[in-house]
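Spelled out, the chains give:
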Amino acid sequence: MNALWIAIGVMLGLAALLGMVRMLMGPSVLDRALSVDVLLASALTGAGAYAAFHRDPTVLPTLLVLSLLGFVGSVSIAKFVARRALGEHIPSTTGSHPTSATPTDAVPDSEKGENP
Amino acid sequence: MSEQFVTVLDWVAVLCILAGAALSLVAGVGLVRFPDLLSRMHTAAKPQVLGLLLVLVGIGIRLVPVETNVFNVGTLILVALFQVVTIPVAGHITARVGYRTGRIDESLMARDELAARLASDDEIAGGGGDMSR
């Protein structure tokens, strides 16, 4: 059974690494928020695996906090992106719908960190 | 509780947690390999709901021989409940913002029913990018 526990640890580590890769490459803020969600899910699974391996229920409240944190984080990032996109689109193109943006400006340069 | 029964419980628990970890790994691979936001969201939701539920079941089974405490079980159920309630909401909001800010690659979509809907809404409302709808 020890091999299975080791396999669980290795899988979770790999999942976290791949999530980090997407967080570094992610073309937009939303992709990064999504990879943070996956990282949080891996962390939840890891803390749960710890609790199960040691038969130790003291980390269970941590799971509760992490599960709420993921929701608050992704929703607030999404709302932030929506408000900033609204602020960018309305002064320049009055009357046009935000979804009519061409693919070239689909990801504003300000997300790549060049502009403050 | 007999020794044998505990062994069986442990195997069931470790298999549940292994399945949860495997779903996490699948989500990581999908995050790196899939081309756009919507398909990445599709793969990212698997460990958040099914994977976590499997892990919680595993923890519950694994804790049965040492302590059967109503607070532990209550915490596990609360975690499952929060996750199942909040993940669809967060996914919905993320996808909606992604669509309305033009981050979805239209060439990867088979059908886009929302675009026609939004266009007819705009005609009625007289245009204007209204993000609050």
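That block above? That's the structure.
Residues numbered from 1 in each chain as written. Chains lettered and ligands numbered in written order. Predicted model: local features only at pLDDT ≥ 70, side-chain atom pairs only at ≥ 80, totals over all residues. Heavy atoms only, no water.

A. Up close: the packing of helix 1 (residues 3–33) of chain B against helix 2 (residues 37–63) of chain B. All names here are of chain B. Contact pair helix 1 / helix 2: the axes reach a minimum separation of 8 Å and the direction vectors enclose 165°. The angle between helix 1 and helix 2 places the two elements in the roughly antiparallel class. Once helix 1 is placed against helix 2, the crossing between them reads as left-handed. Along the lines of polarity and charge, the residues of the contact of helix 1 with helix 2 split into 18 nonpolar, 6 polar and 4 charged. (Axes fitted to C-alpha atoms, helices over the stretch in contact; angles between N-to-C directions. Helix = DSSP H or I, 4+ residues; strand = E, 2+ residues; numbered from the N terminus. Parallel < 35°, antiparallel > 145°, perpendicular 65-115°, else oblique. Left-handed = near helix turned anticlockwise from the far one by under 90°. Nonpolar A, V, L, I, M, F, W, Y, C, P; charged D, E, K, R; others polar.)

B. Examining the nonpolar core more closely. With 27 residues, the main nonpolar core has Ile8, Leu60 and Leu63 of chain A together with Leu56 and Ile59 of chain B as its most contacted residues. Looking at this core, the elements with two or more residues in it are helix 1 (2–25), helix 2 (29–54) and helix 3 (60–92) of chain A together with helix 1, helix 2 and helix 3 (70–100) of chain B. Here this core gets 6 residues from one element, more than from any other, and that element is helix 2 of chain A. With residues up to four places along the chain from it excluded, the contact list for leucine 56 of chain B reads Leu63 of chain A together with Leu76, Val79 and Ala80 of chain B. Counting residues in each nonpolar core, the second largest holds 20 residues, with Val29, Val81 and Ala82 of chain A together with Ala90 of chain B among its members. (Core = buried A, V, L, I, M, F, W, Y, C linked by side-chain atoms within 4.5 Å. Buried < 20%, exposed > 50% of the residue type's maximum accessible area, 1.4 Å probe, protein only. Contact = heavy atoms within 4.5 Å.)

C. Representation of empty space enclosed by the protein within the structure. Evaluation of the coordinates by the stated rule reveals 1 cavity of 30 Å³ or more. Each pocket or cavity is described by its volume, and for the largest cavity that value is around 90 Å³. Lining the largest cavity are 13 residues; nearest its centre among them are Ser67 and Gly70 of chain A together with Gln48, Gln83 and Ile87 of chain B. Counting only elements with at least two residues in the lining of the largest cavity, the list comes to helix 2 and helix 3 of chain A together with helix 3 of chain B. The element that contributes the greatest number of residues to the lining of the largest cavity is helix 3 of chain A, accounting for 5 residues. Each residue belonging to the lining of the largest cavity can be placed in one class, and the counts come to 6 nonpolar, 6 polar and 1 charged. (1 Å grid on protein atoms, 1.4 Å probe; cavity = no way out; pocket = protein on both sides within 12 Å on 5 of 7 lines; lining within 4 Å. Points joined across faces, edges and corners; volume = space filled by probe spheres on them.)

D. Quick peek at the environment of leucine 25 of chain B. In this structure, leucine 25 of chain B sits in helix 1. Residues leucine 25 of chain B and glycine 102 of chain B, spaced 77 residues apart in sequence, show a C-alpha to C-alpha distance of 29 Å. Setting aside anything within four residues of it in sequence, one finds leucine 25 of chain B in contact with Met11, Leu14, Ala15 and Leu18 of chain A.

E. Inspection of the packing of helix 1 of chain A against helix 1 of chain B at higher detail. Two numbers describe how helix 1 of chain A lies on helix 1 of chain B: the axes approach to 8 Å, and their chain directions differ by 20°. Overall, the two elements helix 1 of chain A and helix 1 of chain B adopt an arrangement that is roughly parallel. Here helix 1 of chain A runs over helix 1 of chain B; the crossing is left-handed. For the contact of helix 1 of chain A with helix 1 of chain B, the residue count by class is 21 nonpolar, 3 polar and 1 charged.

Keep in mind that these numbers describe shape and distance, not what the molecule does.
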